[in-house]
Amino acid sequence: MTTFRTALTRLSEFSVPGVNQNNDIDAVPDQPGRAQLPLLLVMPIENNDDRLFRERGAGFEAIGFSNGARSVTYTVTHLLLVAPVGSSKGISAHLPDLVDLIDSYIAAFSDDPTLADALLEPARVRIEPGIFPFGGGNFYGCAFRHTWLMEVA
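As the structure is a prediction and not an experimental result, all values here were calculated from the model.

What counts and how
Residues numbered from 1 in each chain as written. Predicted model: local features only at pLDDT ≥ 70, side-chain atom pairs only at ≥ 80, totals over all residues. Heavy atoms only, no water. Helix = DSSP H or I, 4+ residues; strand = E, 2+ residues; numbered from the N terminus. Buried < 20%, exposed > 50% of the residue type's maximum accessible area, 1.4 Å probe, protein only. Polar contact = N/O pair within 3.5 Å; in protein donor to acceptor, adjacent residues only side chain to side chain. Pairing = 2+ DSSP bridges. Expected span 1.5 Å × (residues − 1). Arc of directions from axis to C-beta. Contact = heavy atoms within 4.5 Å.

### What about unusual backbone geometry?
Working note: non-glycine residues mostly have negative phi, and peptide bonds are mostly trans.
Okay, so step 1: Across the junction of Leu37 and Pro38, the peptide omega takes the value -10 degrees, indicating a cis bond.
Okay, so step 2: By the secondary structure assignment, Pro38 is in the loop between β1 (21–23) and β2 (39–43).
Okay, so step 3: Although it is not a glycine, Asp117 adopts a positive phi angle of roughly 65 degrees.
Okay, so step 4: Of the residues examined, Asp117 reaches a relative accessible area of 64% and is grouped as exposed.

### Quick word on the side chain of Arg145
Okay, so step 1: Its location among the elements puts Arg145 in strand β6 (residues 137–151).
Okay, so step 2: A polar contact of 3.0 Å, which involves the side chain of Arg145, links it to the side chain of Thr77.

### Focus: the environment of His78
Okay, so step 1: Structurally, His78 is set in strand β4 (residues 71–84).
Okay, so step 2: Separated by 37 residues in the primary sequence, His78 and Leu41 have C-alpha atoms spaced 5.6 Å apart.
Okay, so step 3: A polar side-chain atom of His78 sits 3.1 Å from a polar atom in the side chain of Asn22.
Okay, so step 4: A polar contact of 2.8 Å, which involves the side chain of His78, links it to the side chain of Tyr105.

### Concerning the pairing of β4
Okay, so step 1: Of all 14 residues making up β4, 14 are buried, and the element is well covered by its neighbours.
Okay, so step 2: As paired elements, β2 and β4 share five bridges and run antiparallel to each other. From the neighbouring strand, Leu40 faces β4, where its bridge partner is Leu80.
Okay, so step 3: Across 13 bridges, the pairing between β4 and β6 is antiparallel.

### Overview of helix α2 (residues 91–110)
Okay, so step 1: When the terminal C-alpha atoms of α2 are compared, their 28 Å separation across 20 residues agrees well with the 28 Å that a helix rising 1.5 Å per residue should span.
Okay, so step 2: Among the residues making up α2, those that are buried are His94, Leu98, Leu101, Ile102, Tyr105, Ala108 and Phe109. For α2, the arc enclosing every buried residue in end-on projection is 135 degrees, short of the 170-degree limit, so these residues lie on one face. In α2, the exposed positions angled more than 90 degrees off the buried face are occupied by Ser92 and Asp103.
Okay, so step 3: Structurally, α2 contributes buried residues whose contacts are with α1 (4–12), β2, β4, β5 (124–134) and β6.

### Observations concerning the pairing of β2
Within a regular strand, side chains alternate between the sheet's two faces.
Okay, so step 1: With five of its five residues buried, β2 lies for the most part within the structure.
Okay, so step 2: Alternating positions in β2 separate into two faces, Leu39, Leu41 and Met43 on one and Leu40 and Val42 on the other, with burial throughout.
Okay, so step 3: Relative to β2, β1 runs parallel, the two being bridged by three bridges. Of the residues in β2, the one forming a bridge with Asn22 is Leu40.

### Some remarks on the side chain of Asp24
Okay, so step 1: Along the chain, the position of Asp24 falls in the loop between β1 and β2.
Okay, so step 2: A relative accessible area of 13% means that Asp24 is categorised as buried.
Okay, so step 3: A distance of 3.1 Å separates polar atoms of two side chains, one belonging to Asp24 and the other to Thr9.
Okay, so step 4: Not counting the four nearest positions on each side in its chain, Asp24 is found in contact with Arg5, Leu8, Thr9 and Ser12.

### Some details on the environment of Glu128
Okay, so step 1: Positionally, Glu128 belongs in strand β5.
Okay, so step 2: Placed 14 residues apart in sequence, Glu128 and Cys142 show a C-alpha to C-alpha distance of 5.5 Å.
Okay, so step 3: Polar contacts involving the side chain of Glu128 include one to the side chain of Arg126, which spans 2.6 Å.

Structure follows, in structure tokens:
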């Protein structure tokens, strides 16, 4: 049985070709520098003012303690930041890189969809490319919205 913290760390250790840095919750930068981009951030929370998604996630809501394994459902965002909006290159210069990184992410994640058996079943991942506010700026990127089912101790 694995803890939520361990699963978050395993997600941060996830290697995606083309991504310069993948930060765990202990190392999320307040403002990412250009040298860090493309950057993946493990985000187990949402800011209500700048929520990435219109509807609420099911994190910490669904807890099952019936006859089967005791389980909890978590929602986690793995946020990919590719380039700042308003940089010298326009959106058309960043779209090919963004699409290639999304393909690389899915290919890499398909190799280990349970994060080394931290999850009871393969993660469900919703993919939402767009422009994301972070650290006082806006970035071209993609939110990989994970839904995890984990066993409770």
